[in-house]
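The lines below spell out each chain.
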Amino acid sequence: MTVEIGQASVTDAEAIRSIYAFHVLNGTASFDTVPPDLPFWQDKIGYITERGWPFIACREDGRVLGYAYATQFRDRPAYARTCEDSIYVADRERGRGIGKLLLAELLKQAQACGFEQMIAVIGGGEPASVALHSSLGFTEAGRMRDVGFKFGRRLDTVYMQRSLRN
């Protein structure tokens, strides 16, 4: 079996919805509390790809194992060269290095489309996500304490940053 990373499409929306729903309902990486529906994901994939920003999926035998995308960090014009990443891996696929493959490819594609900085906004300060980003050159840029509340816990958000300039 070969793991491949390629562009996500609207036909991947159901698999992406399912992966994200698991994390919403079972983890603190997302501060969502209700998983978005299929039309939300179809629209999001279209919105991101129409702008030329990367939205990628990792597949094995046609099955989506995880996904990642980069969007402009904030909508104001001065942020046009700074992006924020999002990466989610199917629960049953965690620990296989899928997140690292996705983030490494996302870094290349984000740079190729003109982004110069990438920001990771890590909900709950998830240790696995912090370690993943650190392994690919991100450094902590800040921490907002007690800004989220989920599953009866107060949660921090960790900001990490990496330059995409050569």
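In this text the structure is predicted, and so the values were computed from the model without any measurement.

Q: Outline the overall build of the protein chain, listing residues and values.
A: What the protein chain contains, in helices and strands, is 4 helices and 7 strands. Along the protein chain, helices and strands appear, N-terminal first, in the series β-α-α-β-β-β-α-β-α-β-β. Over its C-alpha trace the protein chain gives a radius of gyration of 15 Å, about what one expects of a compact globule, namely 15 Å for 166 residues. If one aligns the C-alpha atoms of the protein chain with their principal axes, the spans along those axes are about 40 × 40 × 30 Å. Considering the protein chain as a whole, with its 166 residues, one finds that 46% of them fall into the buried category.

Q: Please provide a residue-by-residue account of the nonpolar core, values included.
A: The biggest cluster of nonpolar side chains holds 41 residues, and the ones touching the most others in it are Trp-41, Phe-55, Tyr-67, Leu-102, Leu-103 and Met-118. Looking at this core, the elements that each hand over two or more residues are α1 (13–26), α2 (38–50), β2 (55–60), β3 (63–72), β4 (82–89), α3 (98–112), β5 (117–123) and β7 (153–163). The residues contacting Phe-55, other than those within four sequence positions of it, are Gly-6, Gln-7, Ala-8, Ile-16, Trp-41, Ile-45, Ile-48, Thr-49, Tyr-67, Ala-68 and Tyr-69.

Q: Account for the pattern of salt bridges, with residues named and values stated.
A: Within the structure shown, the criterion is met by 13 salt bridges. Here Arg-96 makes a salt bridge to Glu-93, at a shortest N to O gap of 2.5 Å. Taking relative accessible area as the criterion, Glu-93 reaches 6% and is therefore assigned buried. Put simply, Glu-140 and Arg-143 hold a salt bridge, and the shortest N to O gap is 4.0 Å. The structure contains a network of salt bridges with shared partners spanning Glu-60, Arg-63, Arg-92, Glu-93 and Arg-96.

Q: So what's going on with the sheet that holds β7? Residues and values would help.
A: Paired through their backbone hydrogen bonds, the strands of a sheet run either parallel or antiparallel. An order of β1-β2-β3-β4-β5-β7-β6 is seen for the 7 strands of this open sheet, with the pairing classed as mixed. Of all strands in the sheet, those with a lone pairing partner are β1 (3–7) and β6 (139–150), marking the two edges. On average, each strand axis in the sheet is inclined to that of its neighbour by 25°, with strand direction left out of account. Where β3 and β4 come together, 7 bridges link them in antiparallel fashion. Its bridge partner being in β4, Gly-66 is matched across the sheet by Val-89.

Cut-offs and rules
- Residues numbered from 1 in each chain as written.
- Predicted model: local features only at pLDDT ≥ 70, side-chain atom pairs only at ≥ 80, totals over all residues.
- Heavy atoms only, no water.
- Helix = DSSP H or I, 4+ residues; strand = E, 2+ residues; numbered from the N terminus.
- Rg over C-alpha atoms; globule rule 2.2 N^0.38 Å.
- Buried < 20%, exposed > 50% of the residue type's maximum accessible area, 1.4 Å probe, protein only.
- Core = buried A, V, L, I, M, F, W, Y, C linked by side-chain atoms within 4.5 Å.
- Contact = heavy atoms within 4.5 Å.
- Salt bridge = Lys/Arg side-chain N within 4 Å of Asp/Glu carboxyl O.
- Pairing = 2+ DSSP bridges.
- Axes fitted to C-alpha atoms, helices over the stretch in contact; angles between N-to-C directions.

None of this, on its own, says anything about what the molecule does.
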